[in-house]
Amino acid sequence: MDLAAETTRRRTFAIISHPDAGKTTLTEKLLLYGGALHQAGAVKARKANRHAVSDWMEMEKEKGISITSSVLQFEYEGRRMNLLDTPGHADFSEDTYRTLAAVDAAVMLIDAAKGVEARTLRLFEVCRMRNLPILTFVNKWDRPGLDPLDLMDEVQKTLNIGVTAANWPIGESTSFRGVYDRRAAQARLFERVPGGTEIVPERILSLDDPSLAAALGEEEVGELEMADELLAEAGDTFSRERFLAGEITPFFFGSAMTNFGVGPLLDAIAELCPPPRARPAVVGERAPLDPGFSGVIFKIQANMNPKHRDRIAFCRVVSGSFERGMDVTLARTGKTMKLSSPHSFMAGERSIVDEAMPGDIVGLYDPGDFRIGDTVYAGEAVRFAGIPRFAPELFSRIILKDPTKRKHLQKGLTQLAQEGTIQMFMREGLGAADPYVGAVGQLQFEVLKERLKNEYRVTVQLESQPFRVARWVEGGDAVVDWFRARSDYLLVSDRDGRPVVLAQTPWALSYAQAELKDLVLRDISPIEVAD
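Chemist: Account for the pattern of salt bridges, with residues named and values stated.
Modeler: In this structure the tally under the stated criterion is 31 salt bridges. Here D153 and K157 are joined by a salt bridge, their closest N and O atoms 3.2 Å apart. Residue D153 and its partner K157 are both found in helix 6 (residues 148-159); the two are separated by four residues, about one turn of the helix. K157 gets classed as exposed once you look at its relative accessible area, which sits at 64%. Across the pair E428 and R484 runs a salt bridge, and its minimum N-O distance is 2.9 Å. Highlighted residues: E428 in the loop between strand 25 (423-427) and strand 26 (431-439) and R484 in helix 13 (residues 477-484), separated in sequence by 56 residues. What you see here is one network of salt bridges that share partners, running through E6, R9, R10, E75, R80 and D360.

Right, dumping it as structure tokens:
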């Protein structure tokens, strides 16, 4: 393949949203409109007959939610689309943060009735840290919601970003029937089809087309013209440069459930989102067209195929071309590895890939060598900054029902911690024999128990612990000894041996900082580039 041409046509993006905004449904409909599915599966509650193709884990199918990130690759309008589907549930937010380190753009999904919600705000800030371009899709416009101008104003003020309407809704709630494409000066009228499992028919008409007036009425066409004039005078003017810099977000309106507005959004992703760009390294940066292959591991998933009991490391290709069977170096250890069985993905389904370009996601068989944030390269050495971990907020102690399963438990906990399902903390003198596990939300513990049972044949109980605050500790041996000597703190170590203090209240940590002048507490782990 031609490296420059193939890189130019890549679009690698993720969807971010608050839970229940409709992210998995939108993901499914983008696959439908991209030709990757013949029929979309509705995301429903327990015991549904069909499930979203992006939700492949059994618990996801049972609960109707996304628990893990999945990779969805398809061709559309001459572009190679790499859609990284991320968990919508807040309990799995760290998986989303890691995934955002592997994309070049994001679609911010907003519920028309709720506007900017707490998790949307936090995910937006992660995007801002990486200067990611963001398109905004206002979902559920077929239901009662807020005024579109009020929504745009809220996003502008809350997120401190410029806003512009790429299209404008025609009708609202049950009368929603299409969108007006402001750049093309065309109305796109959709035909409502029961079920929403197939692409809906649409008509594309200019404002002066008599067919539009016949379909909407003269009064509504007049209101549409007035809205367009108002937006031209009062709204921000779209600038591709500002969009690529993450300074302005174009708005799209629609309903993922009915498929209204999904096609225009997908067209915009293909047209506006950038191809792969240079990635900062520990020293310098690596550009996509640099000849030497390099990639970063942003996710590890064990047992995607329970029959094989394997581990797959998800690698974002950063530069050069990837070829099946090539030898690469793992930057952290200097170990040389042959990548003989790389995979591409459609959620849980995988196929062997012979070649991949910058922006693509490749699944590498992991014999246990990879960690999240690792760099692999061929040729000139490079090392990218790692991906940090966020401090957990809930803690439990593992109680093993069958002591003969101790080795199985340790293997399961180690692998699940490496892939980010939970975080594992060891107590002094006990090591991995009796660890604490930490999570952002309670549902992570449910997933842990279920996966230990189904994938490692280990049944455990989780004993809730009183700690609500964890911080990585820096400041030298004297600081560590101070925590170790006190009974109101618990000093543990993370899986890399770094000291971590657990406390029941933030006040306890404030007291420690007042007592110890050299103490540094971090709620984000040190970036893993030299361990």
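Chemist: Could you give an account of the packing of aromatic side chains, with specific residues and numbers?
Modeler: The full count for this structure, using the stated rule, is 15 aromatic pairs. Ring plane angle 20 degrees and centroid distance 5.8 Å describe the contact between W507 and Y511, whose orientation is recorded as stacked. In this pair, W507 and Y511 both sit in helix 14 (residues 506-515), four residues apart, roughly one turn of the helix. The ring of F314 has K299 sitting right over it, with the charged end atom 5.6 Å from the ring centre.

Chemist: Before we move on, can you summarise unusual backbone geometry with the specific residues and values?
Modeler: One non-glycine residue, N160, lies in the positive phi region at around 55 degrees. Within the secondary structure, N160 sits in the loop between helix 6 and strand 6 (162-165). Despite not being glycine, S173 shows a phi value in the positive range, around 55 degrees. Summarising the element assignment, S173 is placed in the loop between strand 7 (167-170) and strand 8 (178-181). What makes S173 buried here is its relative accessible area of 18%.

Chemist: Any chance you could break down the packing of helix 11 (residues 406-418) against helix 12 (residues 442-456) for me, citing the residues and the numbers?
Modeler: Following both chains from N to C, one finds helix 11 and helix 12 inclined at 125 degrees, their axes separated by 10 Å at the closest point. When the interaxial angle is binned, helix 11 and helix 12 end up oblique. Helix 11 and helix 12 meet at a crossing whose hand is right-handed. In this structure, helix 11 uses H408, L409, G412, L413, Q415 and L416 to contact helix 12, whose residues at the interface are L448, R451, L452 and Y456. Among the residues making up the contact of helix 11 with helix 12, the classes are represented as six nonpolar, three polar and one charged.

Conventions used here
- In this numbering scheme, every chain counts its residues from 1 along its sequence in written order.
- Reporting of local features is limited, given that this is a predicted model, to residues whose pLDDT is at least 70; pairs of side-chain atoms are given and counted only at 80 or more, and all residues count toward the totals for whole chains, interfaces and linings.
- Side-chain metrics rest on all non-hydrogen atoms present in the structure, leaving aside hydrogens and water.
- Salt bridge, as applied in this entry: a Lys or Arg side-chain nitrogen positioned within 4 Å of an Asp or Glu carboxyl oxygen.
- By definition, any uninterrupted DSSP run of H or I lasting at least four residues is a helix, any uninterrupted run of E lasting at least two residues is a strand, and each is numbered from the N terminus.
- Only protein chains enter the accessibility calculation, which uses a 1.4 Å probe. A residue is then buried if its area is under 20% of the maximum for its type, exposed if over 50%, and partly exposed in between.
- Between rings of Phe, Tyr and Trp, where Trp is taken as its six-membered ring, a pair exists when centres lie within 6.5 Å; planes separated by under 30 degrees are stacked, by over 60 edge-to-face, and by other angles tilted.
- Each ring is checked for a lysine NZ or an arginine CZ that lies within 6 Å of its centre and within 35 degrees of its normal; such an atom marks a charge sitting over the ring.
- To get an axis, a line is fitted to the C-alpha atoms, and for a helix only the part in contact is used. The angle between two axes follows their N-to-C directions and goes from 0 to 180 degrees.
- An angle below 35 degrees is read as roughly parallel, one above 145 as roughly antiparallel, one from 65 to 115 as roughly perpendicular, and any other as oblique.
- Helix crossings fall into two classes, left-handed where the near helix is turned counterclockwise from the far one by less than a right angle and right-handed where it is turned clockwise.
- Note on definitions: a residue-residue contact is assigned when non-hydrogen atoms from the two residues lie within 4.5 Å.
- In this classification, the charged set is Asp, Glu, Lys and Arg, the nonpolar set is Ala, Val, Leu, Ile, Met, Phe, Trp, Tyr, Cys and Pro, and all remaining amino acids, among them Gly, are polar.

All quantities given are derived from atomic positions and should not be read as evidence of function.
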